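# Structure at a glance
The residues making up each chain are set out below.
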Amino acid sequence: MTSPLIVSIGFGAMARSLAASLEKGGSGLRLGGFLLPEHLPTDAPAGMRRWNSVDDLIAARPDLVIECATHAAVRETVPQLLEAGIDVVIVSIGALGDAGTVARIEAAAKTGRARAIAVSGAIGGLDVLRSAKLAGLDSVAYIGRKPPTAWKGTPAERLLDLPNLKEATVFYEGDAVEAARDYPKNTNVTAAVALAGLGFKGTRVRLIADPAASGNTHELEAKGAFGSFHILLNNKPLPENPKTSWLAALSVEQAVLRHFSSLEV
């Protein structure tokens, strides 16, 4: 039997982690190539195929595409693939905070009879949250705590003196709309929680830079007709990228394995 063709959009830390993890696993699945514009250099492993345009990738008819790139890729590239009948796993799910993007993806998936799968990322409890939503949710809150270095390159740099921070400091408190917009590489977890629960506007978010944190901590709190729950996860960062939790990378691999499994649990 021919192995399925699995391709990533982009070939950064997340895609590299996926490629290495699949290679070590016993599933027989592997990342066969990636989509990356011609002007962007990369040192991909030998034997991995590269596509420079969406049209060329569509012509190759991949069995599954993993978006590991940017919000722009979710807005512009993912709908093209879905319309062509190609299933896509979306990693940059913060892009789904834009209603127009969601509408385009849903329309494209319907046209192409394809599936768009948003990964759970570094958070747990989304199955409980989705179930609880059916009975009615009163409140959903997400609290993200990371070391100061993990917030470099974000608006937090303008709000705090990150290198010299002495104590845990809240630098953002608001809804998931602005959090997903302003911290796209750090708050995909926020988007996952919002999509599973009360939406981006109804989800409260608190982001914290903590010099005492050794990893990335994610908390989820929810109350509703079902009762209440509180989940806390202490995640180690992805070795290749401290802004990303290792569990987030593993959730991408799990999404791939589930896609090709005959039994979903």
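On a predicted model such as this, the values are computed, not experimentally measured, just so you know.

### What about the sheet that holds strand β9 (residues 203–209)?
- Strand order across the open sheet formed by five strands is β8-β9-β7-β10-β11, with mixed pairing between neighbours. Strand pairing shows two members of the sheet lacking a second neighbour, β8 (169–175) and β11 (227–235), which therefore form its edges. This sheet shows a mean twist of 10 degrees between the axes of neighbouring strands, independent of strand direction.
- For β8 and β9, the ladder comprises six bridges, and the chain directions are antiparallel.

### A short note on the side chain of D87
- By secondary structure assignment, the location of D87 is in the loop between α3 (71–83) and β5 (88–90).
- Within the structure, D87 has its side chain in polar contact with the backbone nitrogen of R115 (distance 2.7 Å).
- Excluding residues that lie within four positions of it along the chain, D87 makes contacts with D63, L64, V65, A114, R115 and H259.

### Considering the pairing of strand β7 (residues 137–146)
- Across the 10 residues of β7, seven count as buried, placing the element largely inside the fold.
- Looking at chain direction, β7 and β9 are connected through seven bridges and run parallel. Bridging from a neighbouring strand, K146 pairs with A209 of β9.

### Remarks on the UniProt feature "active site" (unreviewed entry) in the protein chain
- The positions that UniProt labels "active site" (unreviewed entry) are, in the present scheme, H218.
- Mapped onto the elements, H218 comes out in strand β10 (residues 216–224).
- The residues touching H218, leaving out its near neighbours within four places in the chain, are A122, I123, Y142, I143, K146, V189, I231, L232, L233, N235 and S245.
- Here Y142 takes part through its side chain, which lies 2.6 Å from a polar atom of the side chain of H218.

### Comments concerning the packing of aromatic side chains
- Under the definition given, this model contains six aromatic pairs.
- For the pair F171 and Y183, a centre-to-centre distance of 5.6 Å together with 55 degrees between the ring planes defines the contact as tilted. Remark: Y183 occurs in the loop between α7 (176–182) and α8 (188–196) and F171 occurs in strand β8; sequence separation between them is 12 residues.
- Owing to a relative accessible area of 11%, F171 belongs among the buried residues under this scheme.
- An aromatic cluster is present here, built from W151, F171, Y172 and Y183 joined pairwise through their rings.
- Its end group placed over the ring of W151, K146 keeps NZ or CZ at 5.3 Å from the ring centre.

### Regarding the sheet that holds strand β6 (residues 116–118)
- With parallel pairing, the six strands of this open sheet are ordered in space as β3-β2-β1-β4-β5-β6. This sheet does not close on itself; its edge strands, each paired only once, are β3 (49–51) and β6. Neighbour-to-neighbour, the strand axes of this sheet turn through a mean angle of 25 degrees, independent of strand direction.
- In this structure, strand β1 (residues 6–9) lies alongside strand β4 (residues 64–67), joined through four bridges in parallel fashion. Counterpart to I9 in the pairing with β4 is E67.
- The sheet strands contacting helix α1 (residues 13–24) are β1, β2 (31–35) and β4, and the helix crosses β2 at an angle near 170 degrees.

What counts and what doesn't
- Residues numbered from 1 in each chain as written.
- Predicted model: local features only at pLDDT ≥ 70, side-chain atom pairs only at ≥ 80, totals over all residues.
- Heavy atoms only, no water.
- Pairing = 2+ DSSP bridges.
- Helix = DSSP H or I, 4+ residues; strand = E, 2+ residues; numbered from the N terminus.
- Axes fitted to C-alpha atoms, helices over the stretch in contact; angles between N-to-C directions.
- Polar contact = N/O pair within 3.5 Å; in protein donor to acceptor, adjacent residues only side chain to side chain.
- Contact = heavy atoms within 4.5 Å.
- Buried < 20%, exposed > 50% of the residue type's maximum accessible area, 1.4 Å probe, protein only.
- UniProt positions renumbered as here; feature names shortened; annotations may be inferred.
- Phe/Tyr/Trp six-rings, centres within 6.5 Å; stacked < 30°, edge-to-face > 60°.
- Lys NZ or Arg CZ within 6 Å of the ring centre and 35° of its normal.

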